[in-house]
Amino acid sequence: METKRKREIVIIGGGFGGIKTARMLAKADVNITLIDKTNHHLFQPLLYQVATAALSPGDIAVPIRGIFSKQKNVRVLLGEVTEVLETQKVVRLKDDRLIPFDTLVVACGAKYNYFGNHAWEKHAPGLKTISDALNIRERILISLEKADQTESPEQRQKYLNFVVIGGGPTGVEMAGAIAEIAKRNMMRDYNNFSPDETHVYLVEAGPRILNGYDDSLSDKAVEMLQDLGVEVLQGTAVTHIEPERVFLEEGVIESPNIVWAAGVVANEVIGSLDVETDRAGRALVAPDMSLPNHRDIFVIGDAVHMKDKEGNPLPAVAPVAMQQGKYVANLIKNPALYEAAVREPFSYLDKGSMATIGRARAVADIRGLKLSGFLAWAMWSVVHILFLIGFRNRLHVFVEWMWHYFTYKRGVRLITGRDEVTDEPGASDDLMGAYRGKV
Ligand SMILES: Cc1cc2nc3c(=O)[nH]c(=O)nc-3n(C[C@H](O)[C@H](O)[C@H](O)COP(=O)(O)OP(=O)(O)OC[C@H]3O[C@@H](n4cnc5c(N)ncnc54)[C@H](O)[C@@H]3O)c2cc1C
């Protein structure tokens, strides 16, 4: 007797959306191929803690293969998708391999938007991968070393300036964490300059940081950042960036530590799809997350533009990607739902949003309940620990946070001589060069 061929499900991306989809299909009678260009799933919400020496990369990243070692219907494929050929129903990898599918779930995420100023990317790196986080960490640590070795306060000022561009949750968290380092944590280790000499700037072009949060929480966040010593420049657009210099509408800030956290744009894979996109290149999908002309191809997570019932765009956050992954997996598992002429639309359940500020404070909006300060931070901590994948990671992050909370010390302050950091031209080169090739 001929055995029925199993449906081939291909998922592009082992981020929040892709992993959720594959996990929700654990008991489904399908073959899943999960393709990612890296071998790990990355918990991006805590990347800034790697960049600011609080956590190690292994605390927030897990091998995708490890996640699915017990799920026998998943094949993990390390490879970069370059193109989707809808009519042939195959995806093409960078090495030209073709992977066939019956159903495709595109969950390839987004990248930072430099609004056409591609040259800025080198001078103001974004925080998206482990490599980005380690580069930023390296720059901060080298800058402090350089400041320690520069006698003249005028000449060392730029090494003590830190600029974060973009006042969304990532920018706010990053600025708060840098202020902790630059004004408190590590200062006892440096004798030749004072914490008062350090300046942390958070630059936001819009009228408010944490746009999308209630105004009261945005104001609270400004207050807490200022308490930590961050200079919050709202309504201030960046006009140009060059090595170690950020030009604002009024004035210039000199600094080798410039971090970009302003807006995202969709991944290139979306450009190869037969679908209209918004200005950020995100796919405009049907209410069931599929492409309007291809009901076997779904796009989820940061790569998609979708509105809620009130017509507001859904935010680019992990819960949206995960709920969309769950929704698509549910369609795939249920032939009646999948084959329905008109499928039930996806609907997002907003459970709230949070952003942490410094060592033990945060703002949170939990379905209308607005919290700030320590209680919000405690909730933020619990939620982030719970969402981390892997018991070892949860335990380790918890221990690190407790250690950091009680001792004020950041554990992971290693300069390891990464080549990418040394590429940056400018006055920091001499010292950076000294580390080149040492490890
Ligand atoms: C620094 C930072 C902080 C954040 N903080 C928060 C937060 O506090 N709370 C929150 O809810 N959200 C936060 N987010 C947003 C959240 O991480 C994203 O919304 C979420 O990751 C989106 O999930 P996704 O599955 O769409 O994409 P991702 O999780 O980005 O996954 C995409 C995957 O696709 C892979 N990929 C990309 N292109 C290809 C290709 N061509 N071929 C093969 N594989 C490919 C990538 O390697 C990656 O593994 C943060 C994001 C960043 C960058």
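Predicted, not measured: the structure shown is a model, and the values here were computed from it. (Residues numbered from 1 in each chain as written. Predicted model: local features only at pLDDT ≥ 70, side-chain atom pairs only at ≥ 80, totals over all residues. Heavy atoms only, no water.)

### Comments concerning the domain arrangement of the chain
So, step 1. Under the domain assignment, the chain is made up of domain 1 (7–37 + 79–113 + 264–339) and domain 2 (120–262 + 352–435).
So, step 2. The gap between the C-alpha centroids of domain 1 and domain 2 is 32 Å.
So, step 3. At the interface, 8 residues of domain 1 touch 9 residues of domain 2.
So, step 4. Between domain 1 and domain 2, a total of about 650 Å² is buried, with carbon and sulfur atoms accounting for 61% of that surface.
So, step 5. Applying the counting criterion to the domain 1 and domain 2 interface returns 0 salt bridges.
So, step 6. Linking domain 1 to domain 2 there are 3 residue pairs in polar contact (both at pLDDT 80 or more). (Domains from an automatic or database assignment. Contact = heavy atoms within 4.5 Å. Buried area = accessible area lost by both parts, 1.4 Å probe. Salt bridge = Lys/Arg side-chain N within 4 Å of Asp/Glu carboxyl O. Polar contact = N/O pair within 3.5 Å; in protein donor to acceptor, adjacent residues only side chain to side chain.)

### Considerations on the side chain of Asn73
So, step 1. Considering the arrangement of structural elements, one finds Asn73 in the loop between α4 (64–67) and β5 (74–78).
So, step 2. Asn73 sits in the buried class, given a relative accessible area of 14%.
So, step 3. At 3.1 Å, the side chain of Asn73 forms a polar contact with the side chain of Gln71.
So, step 4. For Asn73, the contacting residues outside a window of four places in its chain are Leu25, Ala26, Ala28, Val30, Asn31 and Ile32. (Helix = DSSP H or I, 4+ residues; strand = E, 2+ residues; numbered from the N terminus. Buried < 20%, exposed > 50% of the residue type's maximum accessible area, 1.4 Å probe, protein only.)

### Digging into the packing of helix α13 (residues 374–387) against helix α14 (residues 391–407)
So, step 1. Orientation of α13 relative to α14, taken along the N-to-C sense of each, is 155 degrees, at an axis distance of 9 Å. Taken together, the axis directions place α13 and α14 in an arrangement best described as roughly antiparallel. Judged by the twist between their axes, the crossing of α13 over α14 is right-handed. Of α14, the residues touching α13 (which contributes Phe374, Trp377, Trp380, Ser381, His384, Ile385 and Leu386) are Arg394, Val397, Phe398, Trp401 and Tyr405.
So, step 2. Its residues assigned to classes, the contact of α13 with α14 shows 9 nonpolar, 2 polar and 1 charged. (Axes fitted to C-alpha atoms, helices over the stretch in contact; angles between N-to-C directions. Parallel < 35°, antiparallel > 145°, perpendicular 65-115°, else oblique. Left-handed = near helix turned anticlockwise from the far one by under 90°. Nonpolar A, V, L, I, M, F, W, Y, C, P; charged D, E, K, R; others polar.)

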